[in-house]
Amino acid sequence: MELTWGRYERDSYHGQYLICNKCLYLEHPYNQNFNLNDERNESMSSVALSKKPQAIKTENFDVVIIGAGISGVGAAYHLSQQCEGKTFVALDAQDSFGGTWTTHRYPGIRSDSDLYTFGYRFKPWVGAPIATAEEILTYMGEVIEENDLAQHIRYGHTITAASWSSEDNLWTIEGVRKDSNEAVCFTANFLWMCQGYYRHSKGYTPDWEGMEDFKGQIVHPQTWPEDLDYKDKKVVVIGSGATAATVIPAIAGDCDHVTMLQRSPTYFIPGRNENELADQLRELDVDEHWIHEIARRKILHDQDKITKMAFEQPEILTKQLLSAVRGYLGPDYDIDKHFTPNYRPWRQRIAFVPDGDIFKGIASGQASVVTDEIEKFTKDGILLESGDTLDADIVVTATGFNMCVLGDIEFTVDDKVVDFSDTITYRGMMFTGVPNMLWIFGYFRASWTLRVDLLGDFVCRLLKHMDEKGVKKVTPVLAAKDKGMAVSAWMDSENFNPGYLMRSMDLLPKCGESAEWRHTQDYWAEKDEIPKIDLDASVFEYK
């Protein structure tokens, strides 16, 4: 007999608790909820009824944050600092904070953005610009400790459903505790989605012919085995992005040889892992908060120039990027074949390569690059479309993420299932027809955390505005002038088109013609626009 999780429903709201009269708890070897309404379980009804019904106590907060990664910790900080008196909790499925930096454990794991801008604006970064996962987790841990945020974070909570009731002006958030398999339930007036944008449980690996015949190991970096032995092994890393460029130099010294197999090249920015301006200011004994802000402004100023050049003078930028790579590999290396993409810069993310480490590995002969397509796997390696073969003991599929929308959580609004692909996004953070919810979706061409701080300010301002108005519900709605506007995909593929985004575009919300109804991915505009959003504009419907 299969036992299924019970789905409890709202019966009445009493102070801080919801009493769920239809959910009984059955003590059995799997320690799961038992639903008497499931016809498959009718034979067990007499056993279940012999147990005393246990009402599920639902904890109530003003705000529930989903996720305790870089976004969730930032959200918790802003609520604690700007919304004194608001109760909140952050729920995360993992056993600790960190999100991406806890999920990924492959060798060399590091940021591909500088920590002066990937770090929070309120806490200075004092290390090298490109940081290891361990350093980032230490930094986040300090934020939690210094601001007494641990009391607001609960780990091992997998959220499965979120339902909004306009009658109660509440979100009901359902989930499961990892340690006990117990069902949990929370209510909140506002739901802040900080869970990121990809599925943490499993990365994306294409289904190539013959994979089952390969006698070696196939590993995705997202689920890297702790005991993987690559010493003196032939390793092929499939992929050309930041993950491949991180793994290869980290393992090359221990392997017999590492080959980066790519279908097409990617742009990189190699350079020294230091910030000369910040280091000079430290020599002058300038306060670290000042250094952090000055370094951030300088980096963002330079990034703005590069982004504009990518659109306005792509040929010049391409020449500069390739010249930097040639500086490591020399004039005789086939840069055109292996490091010259067939798209303009910034249509996909450009990773910073600290100290040019992958290029040094290639130049030394410890690593090599093959640009070709896979015909099939063989028992000894990979057969390429060119007819060449690559022998391998281990194949690492650095082939990207599986994107998920709003954490794969089932959303309902007044008992109607929400299909986010049918909604239109307000500035890439809220969605038509979905009340009292905001999703942090950061920047592709700038550090993710820049938007965490911007939207942290926005949410706190919105919550205080709602209190001042004496309202409990806010929903983004199309103004009359916008109802007939053309609607398109979340992201224009001519603007930005990484594989993980293109594979999942049909799942994402739609965007409109104006900047108000799209995620522009333009930090340099949003840093001025978002703080000036008129909270009494017609786009916000209050009740």
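All of the points below concern the structure found in this document. (Residues numbered from 1 in each chain as written. Predicted model: local features only at pLDDT ≥ 70, side-chain atom pairs only at ≥ 80, totals over all residues. Heavy atoms only, no water.)

Considering the overall build of the protein
Phase 1 of the analysis: Counting its regular elements, the protein contains 14 helices and 27 strands.
Phase 2 of the analysis: Taken over 543 residues, the protein has a buried fraction of 55%.
Phase 3 of the analysis: Taking all contacts inside the protein whose residues are at least 6 apart in sequence as the whole, residues at least 24 apart take part in 72%.
Phase 4 of the analysis: Per element, the accessible surface of the protein, about 24600 Å² overall, is 46% carbon and sulfur. (Helix = DSSP H or I, 4+ residues; strand = E, 2+ residues; numbered from the N terminus. Buried < 20%, exposed > 50% of the residue type's maximum accessible area, 1.4 Å probe, protein only. Contact = heavy atoms within 4.5 Å. Areas by Shrake-Rupley, 256 points an atom, 1.4 Å probe, with all protein chains shown as cover.)

Let's talk about the pattern of salt bridges
Phase 1 of the analysis: Tallied over the full model, the rule gives 26 salt bridges.
Phase 2 of the analysis: The salt bridge involving Glu142 is made with Lys123; its shortest N-O contact spans 3.2 Å. Taken together, the residues span a long stretch of sequence, with Glu142 in helix H5 (residues 133-146) and Lys123 in the loop between helix H4 (115-118) and H5 at a distance of 19 residues.
Phase 3 of the analysis: Residue classification places Glu142 among the partly exposed residues on the basis of a relative accessible area of 33%.
Phase 4 of the analysis: The class for Lys123 is buried, based on a relative accessible area of 10%.
Phase 5 of the analysis: A single salt-bridge network, built from bridges that share partners, covers Lys123, Glu142 and Glu146. (Salt bridge = Lys/Arg side-chain N within 4 Å of Asp/Glu carboxyl O.)

Structural notes on the environment of His292
Phase 1 of the analysis: If you trace the backbone, His292 turns up in helix H8 (residues 288-312).
Phase 2 of the analysis: Residue classification places His292 among the buried residues on the basis of a relative accessible area of 1%.
Phase 3 of the analysis: For the pair His292 and Phe122, spaced 170 residues apart in sequence, the C-alpha to C-alpha distance is 9.0 Å.
Phase 4 of the analysis: Other than its neighbours up to four places away in sequence, His292 contacts Leu115, Tyr116, Tyr120, Arg121, Lys123, Pro124 and Trp125.
Phase 5 of the analysis: In this structure the side chain of His292 is engaged in a polar contact, spanning 3.1 Å, whose partner is the backbone nitrogen of Trp125. (Polar contact = N/O pair within 3.5 Å; in protein donor to acceptor, adjacent residues only side chain to side chain.)

Quick notes on helix H6 (residues 242-251)
Phase 1 of the analysis: Within H6 the residues assigned to the buried category are Ala244, Ala245, Thr246, Val247, Ile248 and Ile251.
Phase 2 of the analysis: Buried residues along H6 sit against strand E12 (234-238), strand E13 (257-262), strand E14 (268-271), helix H11 (357-364) and strand E16 (367-371).

Things to note about unusual backbone geometry
Phase 1 of the analysis: Of note in the backbone geometry, Asn169 takes a positive phi value of approximately 55° without being a glycine.
Phase 2 of the analysis: Tracing the backbone shows Asn169 in the loop between strand E8 (157-165) and strand E9 (170-177).
Phase 3 of the analysis: For Asn169, a relative accessible area of 18% puts it in the buried group.
Phase 4 of the analysis: Of note in this structure, Asp232 is not a glycine but carries a positive phi near 60°.
Phase 5 of the analysis: Position of Asp232 among the secondary structure elements: in the loop between strand E11 (217-219) and E12.
Phase 6 of the analysis: With a relative accessible area of 56%, Asp232 lands in the exposed category.

Notes on the nonpolar core
Phase 1 of the analysis: Grouped together as the largest cluster of nonpolar side chains are 149 residues, with contacts concentrated most on Phe411 and Phe458.
Phase 2 of the analysis: Element by element, the count of residues in this core is highest for helix H12 (residues 448-469), at eleven residues.
Phase 3 of the analysis: Look past the residues within four positions of Phe458 in its chain and what remains in contact with it is Met429, Met430, Leu438, Ile530, Ile533, Leu535 and Phe540.
Phase 4 of the analysis: Core analysis: the second largest hydrophobic core is formed by 13 residues, Trp208, Met211, Phe214 and Ile374 among them. (Core = buried A, V, L, I, M, F, W, Y, C linked by side-chain atoms within 4.5 Å.)

Side note on the sheet that holds strand E19 (residues 389-391)
Phase 1 of the analysis: The antiparallel open sheet is built from three strands, whose spatial order is E17-E18-E19. The outermost strands of the open sheet, each flanked by one partner alone, are strand E17 (374-377) and E19. The sheet shows a mean angle of 20° between the axes of neighbouring strands, taken without regard to direction. (Pairing = 2+ DSSP bridges. Axes fitted to C-alpha atoms, helices over the stretch in contact; angles between N-to-C directions.)

Quick word on the packing of aromatic side chains
To describe a pair of aromatic rings, one takes the distance between the centres and the angle between the planes.
Phase 1 of the analysis: Applying the stated criterion across every chain yields a total of 39 aromatic pairs.
Phase 2 of the analysis: Seen from their ring centres, Phe540 and Tyr542 are 6.4 Å apart, and the 40° between their planes marks the pair as tilted. Of the two residues, Phe540 and Tyr542, neither departs from the other in class, the shared state being buried.
Phase 3 of the analysis: A cation over an aromatic ring shows up here: Arg344 above the ring of Phe311, its NZ or CZ 4.2 Å from the ring centre. (Phe/Tyr/Trp six-rings, centres within 6.5 Å; stacked < 30°, edge-to-face > 60°. Lys NZ or Arg CZ within 6 Å of the ring centre and 35° of its normal.)

Let's talk about the packing of helix H7 (residues 276-283) against H8
Phase 1 of the analysis: Contact pair H7 / H8: the axes reach a minimum separation of 9 Å and the direction vectors enclose 155°. Compared by their axis directions, H7 and H8 come out roughly antiparallel. Our pair here, H7 against H8, has a crossing hand that is right-handed. Contact residues: H7 offers Leu277, Ala278, Leu281 and Arg282, while H8 offers Glu288, Ile291, Ile294, Ala295 and Lys298.
Phase 2 of the analysis: Residues of the contact of H7 with H8, tallied by class, amount to six nonpolar, no polar and three charged. (Parallel < 35°, antiparallel > 145°, perpendicular 65-115°, else oblique. Left-handed = near helix turned anticlockwise from the far one by under 90°. Nonpolar A, V, L, I, M, F, W, Y, C, P; charged D, E, K, R; others polar.)

Without other data, these values stay purely geometric and don't point to any function.
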